[in-house]
Amino acid sequence: MTTPETDVAEQPEEQSRERPEARLERAVRAAEQALIEFEIAVETFRVEVENFSRLHHQKLGPMYTRLDELEALIAEATATRSGDPEDRRKADEARARVMPMPGVEELFHGWMDGDGLFPEAAAMLTEQTVRPPQRVRPSDEARKLYRELVRKAHPDLAQDDEERGRRDEFIARVNAAYGRGDEALLRELAEEWAAGPVPPERESTPSEELYARLEWLAQRKELLAAVAQELEESAIGAMLRMAPEDPDALLDDIAEQLLAQVSERESELERLTAS
C-alpha cells in the first residue's frame, strides 16, 4: 500500500525515466501546430489580397479608364489652344496611356497557375457566367470552417507519402472553396473529411529525425515569412492595411474619390473646349 509520502517520492523517479527524445517530440508537435497556424494566417491574407485586387479592377477599372481618357482629352485641348510642341508631346504621351498594351503577367495573373485556368477564366472563355468574389474577405463562418479544416487535414500531419498525397489534394480543394468564399462547399468538405479515414497516431521517432523535422519546420516558416512580407509590401497589401476591419468599404471610399476626380476633370475639359 502506498502513502502520499511514497507517491511524492516516486514522482521524480518517474520523471527521470522519461524517454530522452520525449521533450524533443513535444517541441516538434508545438512547432508543427505553430507552422499550421502561420500558414492559415498567410493563406487568409493571400485570399484577401487576391480578392481585393480583382474587385478593385472590376469596380474601379472603368473609372481609372475614364480618368485616363479625360487626361488625354485635356492635354490634347491644351495643345490645340497653345500650339506648343511640348504640349503636343505631353498630349501624345497622355493618349498613349489610355489603352496600354498589357504584359503577359497582367494577362494571366490571377487567371492561370500550374494546374491550368482558374474557374473564372474558364467561364469567360466558354461564355459562361463569371462568378467573381462578392467581397474582399470571406464570411466569418467561411473563415471558421477554413481554419478548422486546415488544422485537421494539413499535409504536414501525414504519416506517409500516400497520406500526404490525400491531404494535399483535399487541402487544394479547401483553398479553392475558401478563395471563392463558398461557405456551403466548405461545409461539404468538412463532412467529407469527418467521414474519411482517421489518420493513425504518430509513432515515436528517433532523435535524429526529430531534429531534422525541426529544421524543416524552421525553413518552411522562413519561406512563409517571405511570402507574407511580399504580400504586405505589395500595393494591394498596403491598401488593405488601411482598412483592416472592413476592406470592402475601402473600395467604396476609393470609388467616391475617383468619381470626384472624374467630375473635376470633366469640368476642366468643358472649360477648355467652351471657347
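Residues numbered from 1 in each chain as written. Predicted model: local features only at pLDDT ≥ 70, side-chain atom pairs only at ≥ 80, totals over all residues. Heavy atoms only, no water.

**Student:** Looking at this structure, I do not really get the overall build of the protein chain. What am I missing?
**Tutor:** Tallying secondary structure elements over the protein chain gives 11 helices and two strands in all. In the protein chain, the order of α-helices and β-strands from amino to carboxyl end is α-α-α-α-β-β-α-α-α-α-α-α-α. The 275 residues of the protein chain split such that 32% are buried. (Helix = DSSP H or I, 4+ residues; strand = E, 2+ residues; numbered from the N terminus. Buried < 20%, exposed > 50% of the residue type's maximum accessible area, 1.4 Å probe, protein only.)

**Student:** Would you mind showing me how to read the environment of Glu270 here?
**Tutor:** With respect to the element layout, Glu270 can be found in helix H11 (residues 247-274). With 196 residues separating them in the primary sequence, Glu270 and Ile74 have C-alpha atoms 9.0 Å apart.

**Student:** What is the right way to look at helix H3 (residues 85-96) in this model?
**Tutor:** Because each turn of an α-helix spans 3.6 residues, side chains separated by three or four positions in sequence point in the same direction. Helix length check: H3, at 12 residues, gives a terminal C-alpha distance of 17 Å against a target of 16 Å (1.5 Å per residue), a fit within 8%. Where H3 is buried, its residues meet helix H2 (22-82). Its side-chain oxygen 2.8 Å from the backbone nitrogen of Glu86, Asp84 forms the N-cap of H3. (Expected span 1.5 Å × (residues − 1). Contact = heavy atoms within 4.5 Å. Polar contact = N/O pair within 3.5 Å; in protein donor to acceptor, adjacent residues only side chain to side chain.)

**Student:** Explain the packing of aromatic side chains here, please?
**Tutor:** For any pair of aromatic rings, the description rests on two quantities: the centre-to-centre distance and the angle between the ring planes. Under the criterion given, the structure shown has two aromatic pairs. Geometrically, the ring pair formed by Tyr146 and Tyr178 is stacked, given 4.2 Å between the ring centres and 15° between the ring planes. A residue pair is termed long-range when its members are at least 10 positions apart, and Tyr146 in helix H6 (residues 140-153) and Tyr178 in helix H7 (residues 161-179) qualify at 32 residues. The residues Tyr146 and Tyr178 share a single accessibility class, namely buried. (Phe/Tyr/Trp six-rings, centres within 6.5 Å; stacked < 30°, edge-to-face > 60°.)

**Student:** Looking at this structure, how should I read the packing of H6 against helix H8 (residues 183-195)?
**Tutor:** When two helices pack together, their arrangement is given by the angle between the helix axes and the distance between those axes. Two elements in contact, H6 and H8, have axes separated by 9 Å at closest approach and are oriented at 25°. In terms of axis orientation, H6 runs roughly parallel to H8. Seen from above, H6 lies across H8 with left-handed handedness. Residue-level contacts link Glu141, Ala142, Leu145, Leu149, Lys152 and Ala153 of H6 to Glu183, Leu186, Arg187, Leu189, Ala190 and Trp193 of H8. (Axes fitted to C-alpha atoms, helices over the stretch in contact; angles between N-to-C directions. Parallel < 35°, antiparallel > 145°, perpendicular 65-115°, else oblique. Left-handed = near helix turned anticlockwise from the far one by under 90°.)

**Student:** Where do I start with the confidence of the model for the protein chain in this structure?
**Tutor:** Any residue range with low pLDDT should be treated as having predicted coordinates unsuitable for detailed reading. In the predicted model, the protein chain carries a mean pLDDT of 78, and 75% of its residues have values of at least 70. Looking at the elements of the protein chain, mean pLDDT is at its lowest for helix H4 (residues 104-108), recorded as 42, and at its highest for H3, recorded as 91. (pLDDT = per-residue confidence, 0-100.)

**Student:** Looking at this model, I keep getting lost on the pattern of salt bridges. Mind explaining?
**Tutor:** When the charged atoms of two side chains with opposite charge come close together, those side chains can pair. Counted by the stated rule, this structure contains 20 salt bridges. A salt bridge links Arg220 to Glu39; the shortest N-O distance between them is 3.1 Å. Of this pair, Arg220 sits in helix H9 (residues 207-233) while Glu39 sits in helix H2, and the two are 181 residues apart along the sequence. Of the charged contacts, one joins Arg187 and Glu183 as a salt bridge, the two residues approaching to 2.5 Å between their closest N and O atoms. Highlighted residues: Arg187 and Glu183, both in helix H8, separated by four residues, approximately one helical turn. For Glu183, a relative accessible area of 22% puts it in the partly exposed group. When salt bridges with common partners are traced through the structure, they connect Glu43, Arg46, Glu50 and Arg54 into a single cluster. (Salt bridge = Lys/Arg side-chain N within 4 Å of Asp/Glu carboxyl O.)

**Student:** For this particular structure, what's the right way to read the nonpolar core?
**Tutor:** The tendency in soluble globular proteins is for nonpolar side chains to be buried as a group. In terms of nonpolar packing, the biggest core is built from 25 residues, with Phe52 and Leu60 touching the most fellow members. Taken together, the elements giving at least two residues each to this core come down to H2, H9, helix H10 (235-242) and H11. Per-element tally for this core: the top contributor is H2, with 10 residues. Residues in contact with Phe52, not counting those within four places in the same chain, are Val136, Ile236, Met239, Leu240, Pro247, Leu250 and Leu251. If you look at the next biggest cluster of nonpolar residues, it comprises 18 residues, including Ile36, Val150, Ile171 and Trp193. (Core = buried A, V, L, I, M, F, W, Y, C linked by side-chain atoms within 4.5 Å.)

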